[in-house]
Amino acid sequence: SRRLSTVAPWPEPERLALNSVSADGGPSLSADGLQLYFRSTRPHESSPFTENVYVARRPTKSSPFGEPTLVQMGADHGHLSADGLHFFLTPAQEGLGDLPPGFGNNDLYVRSRTTTEAEFGPPMNLGPIVNSSHNDYRASLSHDSSTLYFTSLRPVPSGGDSGRFGIWQAPV
C-alpha cells in the first residue's frame, strides 16, 4: 500500500500479483525498491526442495513486480544487504544441498557478488562466531552494514531464559 504522506492513514493492503497458490512470504526489498526477495513453496522444475527463495524485479518503484525467478534452492529465508552485494539466507529444513556440515541444527549463510548486475556466488557459512550449536535463523544486515541481526535458540549467556528464540546481533 502507498500512503499520501507519512502522517496519512494506511490504505487497505494490496495482494501482490506475484503471489502463487503456494506459501509465499518473508519479503526483503532492495534499498532502491526495485527487487523483492521472498521465500516460496511453489514448485520449481530445477529445484528438488520444497522451499526456495525467489526475486521479482521491476523497472521503477511505480511499476508492478515482474515474474519471480529462482535465486536460491532449499532456502527458508533471505535478506539482501542495502548495497545489494550480499544475500543472507537460512536453509530450509532439507538444507541447501551439498554444503559442508555446519555448526548446529540450522546455520546462517551468505552469498556475495562484486556488482549488483553479477550473479551471486555460492553460499558461504558465516562460521562458528555467528552460528552456534543451536538453531540460528533469519539474518538481517543493518543499512550501514555494520551489524548482523538474527534469531537464535542458543542459551542466554547469563544462564537465564533459554529454550526460546531470541534476537541476537553480531558486528560485521
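In the block above lies the structure referred to throughout.
Reading the values: rules and limits
Residues numbered from 1 in each chain as written. Predicted model: local features only at pLDDT ≥ 70, side-chain atom pairs only at ≥ 80, totals over all residues. Heavy atoms only, no water. Helix = DSSP H or I, 4+ residues; strand = E, 2+ residues; numbered from the N terminus. Contact = heavy atoms within 4.5 Å. Areas by Shrake-Rupley, 256 points an atom, 1.4 Å probe, with all protein chains shown as cover. Buried < 20%, exposed > 50% of the residue type's maximum accessible area, 1.4 Å probe, protein only. Polar contact = N/O pair within 3.5 Å; in protein donor to acceptor, adjacent residues only side chain to side chain. Pairing = 2+ DSSP bridges. Axes fitted to C-alpha atoms, helices over the stretch in contact; angles between N-to-C directions. Salt bridge = Lys/Arg side-chain N within 4 Å of Asp/Glu carboxyl O.

Visitor: Sorry, what's going on with the overall build of the protein chain here?
Guide: Scanning the protein chain from terminus to terminus reveals zero helices and 11 strands. When the elements of the protein chain are put in sequence order from the N terminus, they spell out β-β-β-β-β-β-β-β-β-β-β. The principal-axis extents of the C-alpha atoms in the protein chain amount to approximately 50 × 45 × 35 Å. A fraction of 37% describes how many contacts in the protein chain between residues 6 or more apart in sequence connect residues 24 or more apart. Carbon and sulfur atoms form 57% of the exposed surface of the protein chain, whose accessible area is close to 10,100 Å².

Visitor: When you look at the side chain of N135 in this model, what are you seeing that I'm missing?
Guide: If you trace the backbone, N135 turns up in the loop between β8 (124-125) and β9 (136-141). Excluding anything up to four places from it in sequence, N135 contacts N105, N106, T151, S152, L153 and F165.

Visitor: Explain unusual backbone geometry here, please?
Guide: Across the chain, the bulk of peptide bonds are trans and the bulk of non-glycine residues have phi less than zero. Despite not being glycine, R138 shows a phi value in the positive range, around 45 degrees. Mapped onto the secondary structure, R138 falls in strand β9. Of the residues examined, R138 reaches a relative accessible area of 43% and is grouped as partly exposed.

Visitor: Which parts of the structure should I look at to understand the environment of F103?
Guide: On the secondary structure map, F103 appears in the loop between β6 (86-91) and β7 (109-112). Apart from residues no more than four positions distant in its own chain, F103 is found in contact with N125, G127, P128, N131, S132 and S133.

Visitor: Looking at this model, I keep getting lost on the side chain of E51. Mind explaining?
Guide: The residue E51 is located in the loop between β2 (35-40) and β3 (52-57) in this model. There is a polar contact of 3.3 Å between the side chain of E51 and the side chain of R39.

Visitor: How should the sheet that holds strand β11 (residues 166-171) be read in this particular structure?
Guide: Within a sheet, each strand pairs with its neighbour through backbone hydrogen bonds, oriented either parallel or antiparallel. Pairing is antiparallel across the open sheet formed by three strands, whose spatial order is β9-β10-β11. Each edge of the open sheet is held by one strand with a lone partner, namely β9 and β11. Each adjacent strand pair in this sheet contributes to an overall mean axis angle of 25 degrees, direction not counted. Here six bridges tie strand β10 (residues 147-152) to β11, and the two strands are oriented antiparallel to one another. The residue of β11 that forms the bridge with Y149 is Q169.

Visitor: So what exactly am I meant to see when it comes to the pattern of salt bridges here?
Guide: Pairs can form between side chains of opposite charge whenever their charged atoms are close. On inspection of all chains with the given rule, the structure shows three salt bridges. When the shortest N-O distance is used, the salt bridge between D24 and R42 registers 3.2 Å. Pair noted here: D24 is in strand β1 (residues 24-29) and R42 is in the loop between β2 and β3, with a separation of 18 residues, a long-range link. Across the pair R39 and E51 runs a salt bridge whose closest N-O atoms are separated by 3.3 Å. Of this pair, R39 sits in strand β2 while E51 sits in the loop between β2 and β3, placing them 12 residues apart in sequence. Of the two residues examined, R39 and E51, each falls in the buried class.

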